[in-house]
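As a plain string of letters, each chain reads:
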Amino acid sequence: MKTFTLGQSREQVMALIPDRGIKLVQLGTVKICVSRLGNEFFAFETLCPHQKTPLHQGQVTGLAEVICPLHHFRFDLHTGQVRSGNCAELKVYKNLLCEEGLQIFI
Ligand code: FES
C-alpha cells in the first residue's frame, strides 16, 4: 500500500475538492476520483464497476453515495457496496484529512 498526499494543507484540499464535487486526481501511476461531503472525503476508482462509465461525471448524494451517470446505479462511498443496481462493488480507498493535506492510501 502507498500513501499519497493531496494538497499541502487542510484548507487547500477543502478548496480543491468542492462539496459534493468529484475530481479526477492522478496519484503516481494511478488515477482516482476524490469527492467530499462536508468535512468527509471519499476516494474511489474512476470507472463504474458496471460498464466502466467515468464516475467523475456522476453525482454525489447527501447519503454519501455516488450515482453513475449512465444507468444510475448507486454505490456507498464508505464501503463501495452497491446500494441500487446489480454489479461488482466499487473500489474505495481509505483517506485521512490532516494539517498537511489529504492522505490517500492506495
Ligand atoms: S455503467 Fe454505471 S451503472 Fe451502468
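Going by an unreviewed UniProt entry, the protein chain carries the name Rieske domain-containing protein and comes from Rhodonellum psychrophilum GCM71 = DSM 17998. Quoted verbatim from the Sequence similarities (unreviewed entry) field of the UniProt record, the comment on the protein chain reads "Belongs to the bacterial ring-hydroxylating dioxygenase ferredoxin component family." As its UniProt record puts it under Cofactor (unreviewed entry), the protein chain is described as follows: "[2Fe-2S] cluster".

Lay out the environment of isoleucine 32 in plain terms, naming residues and giving numbers.
Its location among the elements puts isoleucine 32 in strand β3 (residues 30-37). Considering only alpha carbons, one finds isoleucine 32 and glutamate 45, 13 residues apart in sequence, at a separation of 5.0 Å. Those residues in contact with isoleucine 32 that sit more than four places away from it in its chain are Lys23, Leu24, Val25, Leu27, Ala43, Phe44, Thr46, Tyr93, Ile104 and Ile106.

Account for the UniProt feature "domain: Rieske" (unreviewed entry) in the protein chain, with residues named and values stated.
The UniProt entry lists residues 8-106 under the feature "domain: Rieske" (unreviewed entry), expressed in the numbering used here. Taken end to end, residues 8-106 is 7% helix and 43% strand, and its first and last C-alpha atoms sit 18 Å apart.

Definitions and limits used
- Residues numbered from 1 in each chain as written.
- Predicted model: local features only at pLDDT ≥ 70, side-chain atom pairs only at ≥ 80, totals over all residues.
- Heavy atoms only, no water.
- UniProt positions renumbered as here; feature names shortened; annotations may be inferred.
- Helix = DSSP H or I, 4+ residues; strand = E, 2+ residues; numbered from the N terminus.
- Contact = heavy atoms within 4.5 Å.

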